[in-house]
Amino acid sequence: MAVQGIGDILYGYGAGIYLNITNRCPCCCDFCIRHMTDALGGADSLWLKREPTVSEVIEEMKKWDLSGPGELVFCGYGEPLVRLDDVLLLCQWIKTNTGRRTRVNTNGLSDLIHKKETAPMLAGYFDAVSVSLNAPTAQAYNALCHPEFGEASFDAILHFTREVKKVVPDVTMSVVSVISGPEIEACRRIAQDDLGVQFRVR
Ligand code: SF4
């Protein structure tokens, strides 16, 4: 349900409840769902008229039944970790007030966004982190995702994943199914063999 004057902040999708707190993202992926539809799951529109404050997100969460199991997932029409400090405040509220697991679906670029090491900051706040890999080389990543940080992005994603694995129990790297079979296999080796995290094709 859309919040008057803002848009859909929370939306149900499958078994999870998702938080859509920003439309900002340093990438412009060729496959981004934002180019294809305005909404997902139970949302009317995931385009926000403005970013909700932490208090507004909490007020919205209070309207939902969060007593059951399942995840609260930071994933909307933008990169959640653009708002890293706010995300941690929201996780703190979720941990204190609900029994839900917390997950963030991220492009893994928060170190470059914030110009510092960010993975250690997630310790204790997240049960799971899913990092989009989507390409097996820096060149291929650039060509597909067009990150504003250029080819430094790919190594930054691998570094973030390596570091976040040290502090978050459940870490997955994912790829979109639109890339080729050999590229998917190369990504699988990076995730599972090189970084020791789980791998998922979405
Ligand atoms: S990183 Fe995610 S939100 Fe950003 S452009 Fe790519 S698919 Fe879209």
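In this text, all values refer to a predicted model and were calculated from it rather than measured experimentally. (Residues numbered from 1 in each chain as written. Predicted model: local features only at pLDDT ≥ 70, side-chain atom pairs only at ≥ 80, totals over all residues. Heavy atoms only, no water.)

J.: So what exactly am I meant to see when it comes to the layout of surface pockets here?
T.: To find the voids left in a structure, one rolls a probe of water-molecule size over its atoms. When its volume is computed, the largest pocket comes out at roughly 900 Å³. Taken together, 34 residues line the largest pocket, and the ones lying closest to its centre are F31, I33, C75, S132 and R202. Elements represented by at least two residues in the lining of the largest pocket include exactly β1 (10–13), β4 (101–106), β5 (128–132) and α4 (138–145). Broken down by element, the residue count for the lining of the largest pocket peaks at 3 residues, all from β4. Grouping the amino acids of the lining of the largest pocket by side-chain chemistry returns 19 nonpolar, 10 polar and 5 charged. (1 Å grid on protein atoms, 1.4 Å probe; cavity = no way out; pocket = protein on both sides within 12 Å on 5 of 7 lines; lining within 4 Å. Points joined across faces, edges and corners; volume = space filled by probe spheres on them. Helix = DSSP H or I, 4+ residues; strand = E, 2+ residues; numbered from the N terminus. Nonpolar A, V, L, I, M, F, W, Y, C, P; charged D, E, K, R; others polar.)

J.: Help me understand the packing of helix α1 (residues 54–62) against helix α2 (residues 84–97), please; the structure alone is not making it clear to me.
T.: Angle between the axes and distance between the axes are the two parameters that describe a pair of packed helices. Relative orientation of the contacting elements α1 and α2 amounts to 30°, with a least axis distance of 10 Å. The orientation of α1 relative to α2 falls into the category roughly parallel. Relative to α2, the crossing made by α1 is right-handed. Residues V54, V57, I58, M61 and K62 of α1 touch α2, and the partners they reach there are D86, L89, L90, W93 and I94. (Axes fitted to C-alpha atoms, helices over the stretch in contact; angles between N-to-C directions. Parallel < 35°, antiparallel > 145°, perpendicular 65-115°, else oblique. Left-handed = near helix turned anticlockwise from the far one by under 90°. Contact = heavy atoms within 4.5 Å.)

J.: Explain helix α5 (residues 152–164) here, please?
T.: Owing to its 3.6 residues per turn, the α-helix aligns residues three or four sequence positions apart on the same side. With 13 residues, α5 extends 18 Å between its outermost C-alpha atoms, agreeing within 8% with the 18 Å of an ideal straight helix rising 1.5 Å per residue. Here α5 has its buried residues at S153, F154, A156, I157, L158, F160, T161, E163 and V164. Check the buried side of α5 and you find it contacts β4, α3 (110–114), β5, α4, β6 (170–175) and α6 (181–194). (Expected span 1.5 Å × (residues − 1). Buried < 20%, exposed > 50% of the residue type's maximum accessible area, 1.4 Å probe, protein only.)

J.: Help me understand the site of the ligand, please; the structure alone is not making it clear to me.
T.: Taken together, C25, C27, C28, C29, F31, C32 and N107 make up the full set of residues adjacent to the ligand. If you map the ligand onto the pockets, it falls in the largest pocket. Considered class by class, the residues forming the shell around the ligand number 6 nonpolar, 1 polar and no charged. (Near = heavy atom within 4 Å. Sits in = over half its atoms within 2 Å of the grid points.)

J.: How should I be thinking about the sheet that holds β4 in this particular structure?
T.: Sheets are built from strands paired through backbone hydrogen bonds, the pairs being either parallel or antiparallel. Taking strand neighbours across the sheet as the criterion, the 7 strands line up as β1-β2-β3-β4-β5-β6-β7 in an open arrangement whose pairing is mixed. Two strands bound the open sheet, and with one partner strand each, they are β1 and β7 (198–201). Across the sheet, the mean angle separating the axes of adjacent strands is 25° when strand polarity is ignored. Across the face of the sheet, α2 comes into contact with β2 (16–19), β3 (71–74) and β4 while running at roughly 175° to β3. (Pairing = 2+ DSSP bridges.)

J.: What am I meant to see in the packing of aromatic side chains here?
T.: Here the distance between the centres and the angle between the planes together describe a pair of aromatic rings. Summed over the entire model, instances satisfying the criterion amount to 5 aromatic pairs. A centroid spacing of 5.8 Å and a plane angle of 80° characterise the contact between F74 and F126, whose relative ring orientation is edge-to-face. One end of the pair, F74, is in strand β3; the other, F126, is in the loop between α3 and β5, with 52 residues separating them in the sequence. Both residues of the pair, F74 and F126, count as buried. Through a chain of ring-to-ring contacts, the aromatic side chains of Y11, Y13 and Y18 assemble into a single cluster. (Phe/Tyr/Trp six-rings, centres within 6.5 Å; stacked < 30°, edge-to-face > 60°.)

J.: Got a minute to help me understand the pairing of β1 in this structure?
T.: Remember that side chains alternate between the two faces of the sheet whenever the strand is regular. As judged from the 4 bridges shared by β1 and β2, these two strands associate in the antiparallel manner. Its bridge partner lying in β2, Y11 is registered against Y18. Connecting the antiparallel pair β1 and β2 is a turn made up of 2 residues, with G14 showing a positive phi of about 60°.

J.: What am I meant to see in the pattern of salt bridges here?
T.: Side-chain pairs of opposite charge can arise where the charged atoms are in close proximity. Applying the stated criterion across every chain, the model contains 12 salt bridges. In this structure, E56 and R50 form a salt bridge, with 2.7 Å as the shortest nitrogen-oxygen distance. When its relative accessible area of 38% is taken as the criterion, R50 is described as partly exposed. Salt bridges here are not isolated pairs; linked through shared partners, they connect R24, E51, R83 and D86. (Salt bridge = Lys/Arg side-chain N within 4 Å of Asp/Glu carboxyl O.)

J.: Would you mind showing me how to read the environment of I33 here?
T.: You can see I33 is positioned in the loop between β2 and α1. For I33 and Y77, which are 44 residues apart along the polypeptide, the C-alpha to C-alpha distance reads 8.2 Å. Contact partners of I33, with chain neighbours within four places excluded, come to L40 and Y77.

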